[in-house]
Amino acid sequence: MMPSPYNPTRRNRNIGTPKQGHGTNNRMVVPKLSGFQRDCTVQIGAHIKLEREVNGRKTTFIVEEPHGGCAHACTVEDLEFLLSHIPVADWAGLDTFVLRQPTRKSRMLNPVWGRLYYHADLAFLGSRARWSGPAVFLEACKVDDIIKWSTSLDRETTDELDRLRADGHRVDRTARTHIISTDINSVRATQLYRTLLHEIGHWFDWLEKVESPAVRGEDYGELIDAYFARPKNEREAFAHRYADHWREILHDSGVIPFGRIGGQLVGEDACSDIRA
């Protein structure tokens, strides 16, 4: 008789490797949000909350206290001024803007200038108060930070690099790396003249494709599914076109660029300075 090929003493080569799940529960990753950022739950730390009227609409600005060497490049007054020049109908229903301090983990693994949440659930540290609804987040950034990108870029990332140059960031190239040097003014230009308009562009797209058809009687759930079923690059292209369109109009009319309005939100004592 031929011996059985099975040998119970032979060690499985996959034991202790990622193939068997080793280390998958402690990877350094930012938890992904369901629905392409359509929903999120965010805990807001020490902050101030300001109620302003923009073109006759009550608008809420939440400013989270920066820390870890981060700063808010834009002021509430900057946002208020720019929003006053955008048609109210384009951001109808979007009345909350958050200057947020991202976590260290988020800054390391998923840094962004800002983002739109179609439905945000905000919890406030030390309080039972909660708030929910659509919101635009602009994130505090490291002052005089260095960002490194590979020289192997696709078309979309190359276009983004050109936009960063236009915003005033210094871009140097080494053999394998693009080195992007930022400062408070270049970050402000990116967030105020581009990111804010870009996120409003996403919201305008949402109004056209979800909210308006729903008012006419179409199924809201089906509209949402159809909206997020579109390719991401299609939605991003729409938002870029919207931002480019309004940036050109505002520039030609002399609205932008404009100097910083109000206090400069830099450093960990920024919120306490405003309270004073």
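Here's a quick rundown of the structure. Remember, predicted model here, so these are calculated numbers, not experimental data.

The buried fraction of strand 6 (residues 114-124) amounts to 9 of the 11 residues, a majority that puts the element mostly inside the structure. Relative to strand 7 (residues 130-139), strand 6 runs antiparallel, the two sharing 8 bridges. Residue pairing across strands places Leu-122 opposite Trp-131, the latter belonging to strand 7. The antiparallel pairing of strand 6 with strand 7 creates a hairpin that spans 5 residues between the two strands, and Gly-126 there sits at a positive phi of about 80°.

The next subject is unusual backbone geometry. For the bond from Ile-256 to Pro-257, the omega torsion is 0°, close enough to zero to count as cis. Here Pro-257 shows up in the loop between helix 6 (232-252) and helix 7 (270-275). At Asn-55, a position not held by glycine, the phi torsion is positive, near 50°. As for its placement among the helices and strands, Asn-55 is situated in the loop between strand 2 (47-54) and strand 3 (57-64). Note on Asn-55: relative accessible area 43%, which makes it partly exposed.

Tallying each qualifying case throughout the model produces 16 salt bridges. Here Arg-188 and Asp-78 are joined by a salt bridge, their closest N and O atoms 3.1 Å apart. Of this pair, Arg-188 sits in helix 4 (residues 184-215) while Asp-78 sits in helix 1 (residues 76-83), and the two are 110 residues apart along the sequence. Comparing Arg-188 with Asp-78, the two get one shared label, buried. Residue Arg-230 is joined to Glu-234 by a salt bridge in which the shortest nitrogen-to-oxygen separation is 3.0 Å.

Looking now at the sheet that holds strand 10 (residues 170-173). Pairing within the open sheet is antiparallel, and its 3 strands lie in the order 9-11-10. Both outer strands of the open sheet, strand 9 (146-150) and strand 10, are each paired with one neighbouring strand and no more. Each adjacent strand pair in this sheet contributes to an overall mean axis angle of 25°, direction not counted. Bridge analysis of strand 9 against strand 11 (residues 177-181) gives 5 bridges, and the strand direction is antiparallel. Paired with Ile-147 across the strands is Ile-180, a residue of strand 11. Sheet strands in contact with helix 3 (residues 155-167) are strand 9, strand 10 and strand 11, and its direction is about 150° off that of strand 9.

Remark: helix 4 packs on helix 6, axes separated minimally by 7 Å, with the N-to-C direction vectors making an angle of 120°. Here helix 6 runs oblique to helix 4, going by the angle between their axes. The two elements helix 4 and helix 6 meet at a crossing, and its hand is right-handed. Every residue of helix 6 that contacts helix 4 at Tyr-193, Arg-194, Leu-197, His-198, Ile-200, Gly-201, His-202, Phe-204, Asp-205, Glu-208 and Lys-209 is listed here: Arg-235, Glu-236, Phe-238, Ala-239, His-240, Tyr-242, Ala-243, Trp-246 and Arg-247. Classifying every residue of the contact of helix 4 with helix 6 gives 9 nonpolar, 4 polar and 7 charged.

Counted residue by residue, helix 1 has 6 buried out of 8 residues, so it is predominantly covered. Among all positions in helix 1, only Val-76, Asp-78, Leu-79, Glu-80, Leu-82 and Leu-83 are buried. For helix 1, the secondary structure elements touched by its buried residues are strand 2, strand 3, strand 5 (96-100), strand 7, helix 4 and helix 6.

Okay, the packing of aromatic side chains next. Overall, the coordinates contain 15 aromatic pairs when judged by the stated rule. When the ring of Trp-203 is compared with that of Trp-206, the centres are 6.3 Å apart and the planes differ by 20°; the resulting orientation is stacked. Of the two residues, Trp-203 and Trp-206 are both situated in helix 4; the distance of 3 residues between them amounts to about one turn of the helix. Exposure remark for Trp-206: the relative accessible area of 5% places this residue in the buried category. Ring geometry for Tyr-227 and Phe-228: centres 5.1 Å apart, planes at 85°, overall edge-to-face.

How each quantity is defined
- Residues numbered from 1 in each chain as written.
- Predicted model: local features only at pLDDT ≥ 70, side-chain atom pairs only at ≥ 80, totals over all residues.
- Heavy atoms only, no water.
- Buried < 20%, exposed > 50% of the residue type's maximum accessible area, 1.4 Å probe, protein only.
- Helix = DSSP H or I, 4+ residues; strand = E, 2+ residues; numbered from the N terminus.
- Pairing = 2+ DSSP bridges.
- Salt bridge = Lys/Arg side-chain N within 4 Å of Asp/Glu carboxyl O.
- Axes fitted to C-alpha atoms, helices over the stretch in contact; angles between N-to-C directions.
- Contact = heavy atoms within 4.5 Å.
- Parallel < 35°, antiparallel > 145°, perpendicular 65-115°, else oblique.
- Left-handed = near helix turned anticlockwise from the far one by under 90°.
- Nonpolar A, V, L, I, M, F, W, Y, C, P; charged D, E, K, R; others polar.
- Phe/Tyr/Trp six-rings, centres within 6.5 Å; stacked < 30°, edge-to-face > 60°.

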